[in-house]
Amino acid sequence: MDNLHDLAARLKKLEDELAIRNLAARFTDAVNERNVDAFRELWTDDAVWEIGPPLQVSAQGIDAIANMMTRLLEPKSLFIQLTHSGVVTFTDEDTAIARFTERERGKGEHDYYENLAIYRDELVRQANGWRFKRRFYEYRYLDTSRFTGAAIPLDPHVHEGVGN
Amino acid sequence: MDNLHDLAARLKKLEDELAIRNLAARFTDAVNERNVDAFRELWTDDAVWEIGPPLQVSAQGIDAIANMMTRLLEPKSLFIQLTHSGVVTFTDEDTAIARFTERERGKGEHDYYENLAIYRDELVRQANGWRFKRRFYEYRYLDTSRFTGAAIPLDPHVHEGVGN
Amino acid sequence: MDNLHDLAARLKKLEDELAIRNLAARFTDAVNERNVDAFRELWTDDAVWEIGPPLQVSAQGIDAIANMMTRLLEPKSLFIQLTHSGVVTFTDEDTAIARFTERERGKGEHDYYENLAIYRDELVRQANGWRFKRRFYEYRYLDTSRFTGAAIPLDPHVHEGVGN
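Note on numbering: residues in each chain are counted from 1, in written sequence order. Labels are handed out in written order, letters beginning with A for the chains and numbers beginning with 1 for the ligands. For a predicted model such as this one, the threshold for reporting local features is a pLDDT of at least 70, and the threshold for listing and counting side-chain atom pairs is 80 or more; totals across whole chains, interfaces and linings nevertheless cover every residue. Derived side-chain values reflect all non-hydrogen atoms in the structure, with water molecules and hydrogen atoms excluded from consideration.

Digging into the overall build of chain A
Right, so step 1: Of regular secondary structure, chain A possesses four helices and seven strands.
Right, so step 2: Listed by position from the N terminus, the elements making up chain A come as α-α-β-β-α-β-β-β-β-β-α.
Right, so step 3: In terms of its C-alpha atoms, chain A occupies a principal-axis envelope of roughly 60 × 45 × 30 Å.
Right, so step 4: Think of it in three bands: with a 1.4 Å probe and only protein chains considered, a residue is buried below 20% of the maximum accessible area for its type, exposed above 50%, and partly exposed in between. Across the 164 residues of chain A, 55% fall into the buried class.
Right, so step 5: Within chain A, contacts between residues separated by at least 24 positions form 53% of all contacts whose residues are at least 6 apart in sequence.
Right, so step 6: A 1.4 Å probe and the Shrake-Rupley method give the accessible areas. Residues count as covered only by the protein chains that appear here. Put simply, chain A shows about 7200 Å² of open surface, and 50% of that area lies on carbon and sulfur atoms. In this description a helix means any DSSP run of H or I spanning at least four residues, a strand means any run of E spanning at least two, and both kinds are numbered starting from the N terminus. Working rule for contacts: check all heavy atoms of both residues, and any pair within 4.5 Å makes them a contact.

What follows is the structure, encoded as structure tokens:
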């Protein structure tokens, strides 16, 4: 019943789905760790990253995308993105679309930011793996009211001896 | 050491687990996209969908379940469900139970809704794939106090040219 | 092109990644279900569980870890942990590091607790599967202000007839 060729095709399907889920997870990790180099590796060369209304901003191409990430994060003492479950649909062998449910909380010197949103994604398989061709952040809820609580400054001593 | 039959069995186990995780993700996506047709595809014909205390409501059968979804969502200008990690346990070849950690935020004309909960699920494999036989939403925390922030109305122009 | 040995290696990689993601999911499930026995099974014998500043506490060894879990949860009428997306990196065949984005909300008799954090993990493969060798909870945001809303007491009647 099983043959090697069929098994290989089924395995590839799982690998592709997990690679795309990992791409979204790596995006969130790069943002939360403020790792611009890791962030650059997630996109096709001509990718578009777009934040939708009411806080529109967008960038095309990896350099512009990396600059946008830095520009958005730099003024924030707190910025955490939370990526929840998502659905992935393959549109052909080497392309897919996906939607992930998102929440973010951020705080700058005088501004507050809490939201719920959907990332609407277009993905493409390159020789080096799956990449975002387009991410569109569709706000569903936005709150810029003051919130209580505080960002926790990182303690460099804590990271000593941590392999991670 | 490896043989084709063993590999096929191991692969099937991963496929089954991912199919069940995807079913929970598709539930959340259908709710957040307000896609009743997609929502209908998640259930066995005689499935039970039950919201627990203190806001009990339940439905049995796909039509009743779809009506319940519409009735719950229609009055809300905002409703987003967030599905977090979950655990899946196979009870035999074609049945499983699962628990997923959930959070929801909703807002109607005069009502507010924020909660933490556990979805306690029973699943069954059908010829057309894994389906929910029962979902029970167990509230752990409920807040119906007014919150700040606003739902963002969707801008149809934004979706032009978006393949997703 | 495909051979059995290569397929087995690719399959093992997916199994390992999913096993580690499941370990983090089982941690959250054990905490949310307050299941100490399930919690004990997640660690190596000499594991370290460490909560970082500003609420430092740590334990080494399974008994100390289980006691710490009980001590932290017991006074809380509400405690829910939300585990979001994560990234897993294999450092060699039998070891890995991971980071998961977390949020928790808890409430004791007179205290409130809401946070955002990163779990920084070290993992090791044992004969009985992947285990945490170290978990470090790095707070990024902490709010101990009073919040509205209430914990929902579990209704034992609800669980009657629920296979889960």
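Next, the rest of the story.
A few points about the interface of chain B and chain A
Right, so step 1: Contacts between the two partners involve 37 residues from chain B, matched on the other side by 36 residues from chain A.
Right, so step 2: Throughout, the accessible surface (probe 1.4 Å) given up by two parts as they are put together, summed over both, is called the buried area. Roughly 3200 Å² is buried in total at the junction of chain B and chain A, and carbon and sulfur atoms are behind 59% of that figure.
Right, so step 3: What counts as a salt bridge is simple: a side-chain nitrogen of Lys or Arg found within 4 Å of a carboxyl oxygen of Asp or Glu. On the surface where chain B and chain A come into contact, there are five salt bridges.
Right, so step 4: D29 of chain B is paired through a salt bridge with R99 of chain A; the nearest N and O atoms lie 2.7 Å apart.
Right, so step 5: For the purposes of these results, a polar contact is taken to be a pair of N or O atoms within 3.5 Å, where, inside protein, one atom must be able to donate a hydrogen and its partner to accept one; residues adjacent in sequence count only when each atom of the pair is a side-chain atom. Linking chain B to chain A there are 16 residue pairs in polar contact (both at pLDDT 80 or more).

Remarks on the packing of aromatic side chains
Right, so step 1: We call Phe, Tyr and Trp rings a pair once their centres come within 6.5 Å, taking the six-membered ring for Trp, and we label the pair stacked below 30 degrees between planes, edge-to-face above 60, and tilted otherwise. Scanning the entire structure with this criterion turns up 48 aromatic pairs over all chains.
Right, so step 2: Pairing Y137 of chain B with Y139 of chain B gives two aromatic rings, centres 5.1 Å apart and planes at 90 degrees, and the pair type is edge-to-face.
Right, so step 3: With a relative accessible area of 2%, Y139 of chain B lands in the buried category.
Right, so step 4: Ring geometry for F79 of chain C against Y113 of chain C: centres 6.1 Å apart, planes inclined by 20 degrees, an arrangement best described as stacked. Separated by 34 residues along the polypeptide, F79 of chain C in strand β3 (residues 78-92) and Y113 of chain C in strand β5 (residues 112-126) bring together distant segments of the chain. For the pair shown, F79 of chain C and Y113 of chain C are each scored as buried.

Regarding the relation of the copies chain A and chain C
Right, so step 1: For these two chains of identical sequence, chain A goes onto chain C by a turn of 120 degrees and a shift of 0.0 Å along the axis, with RMSD 0.0 Å. This pairing of chains is accounted for by a three-fold axis. Across chain A, the rotation axis passes nearest the C-alpha of H84 of chain A, at a separation of 3.2 Å.
Right, so step 2: Different-surface contact between copies: only 19% of interface residues of chain A are shared with the interface of chain C. Only residues with pLDDT of at least 70 in both copies count here: their C-alpha atoms drive the least-squares fit that superposes the copies.

Points about empty space enclosed by the protein
Any empty space left between atoms is shown by rolling a water-sized probe over those atoms.
Right, so step 1: Using protein atoms alone on a 1 Å grid, points that fit a 1.4 Å probe yet trap it form a cavity, whereas open point sets bounded by protein on both sides within 12 Å along at least five of seven lines form a pocket; residues with an atom within 4 Å of a point count as lining. Grid points are joined across faces, edges and corners, and a volume is the space filled by probe spheres set on the points. Enumeration according to the criterion identifies seven cavities of 30 Å³ or more in this entry.
Right, so step 2: Taken as a whole, the largest cavity encloses approximately 590 Å³ of empty space.
Right, so step 3: As for the largest cavity, its lining consists of 33 residues, and the residues nearest its centre are R21 of chain A, R21 and S85 of chain B together with R21 and S85 of chain C.
Right, so step 4: Broken down by secondary-structure element, the contributors of at least two residues to the lining of the largest cavity are α1 (4-33) and β3 (78-92) of chain A, α1 (4-33) and β3 (78-92) of chain B together with α1 (4-33) and β3 of chain C.

Considering the interface of chain A and chain C
Right, so step 1: Opposite the 37 residues of chain A that make contact, chain C presents 36 residues.
Right, so step 2: Summing the contributions of chain A and of chain C, the shared interface buries around 3200 Å²; its carbon and sulfur component is 59%.
Right, so step 3: In this structure, the connection of chain A to chain C is made through five salt bridges.
Right, so step 4: Here E33 of chain A makes a salt bridge to R140 of chain C, at a shortest N to O gap of 3.2 Å.
Right, so step 5: Joining chain A to chain C, the criterion identifies 16 residue pairs in polar contact (both at pLDDT 80 or more).
Right, so step 6: Listing elements by their share of the side of chain A that touches chain C, those giving two or more residues are α1, β3, β4 (95-107), β7 (150-151) and α4 (156-159) of chain A.
Right, so step 7: Considering each element in turn, the side of chain A that touches chain C owes the most residues, 15 residues, to α1 of chain A.
Right, so step 8: When the residues that make up the side of chain A that touches chain C are grouped by side-chain class, the tally is 17 nonpolar, 11 polar and nine charged.
Right, so step 9: What makes two strands pair is DSSP finding at least two bridges between them. Looking at chain direction, β7 of chain A and strand β6 (residues 129-143) of chain C are connected through two bridges and run antiparallel. For A151 of chain A, the partnering residue across the bridge sits in β6 of chain C and is Y141 of chain C. Residues were grouped as follows: Ala, Val, Leu, Ile, Met, Phe, Trp, Tyr, Cys and Pro as nonpolar; Asp, Glu, Lys and Arg as charged; and all remaining residues, including Gly, as polar.

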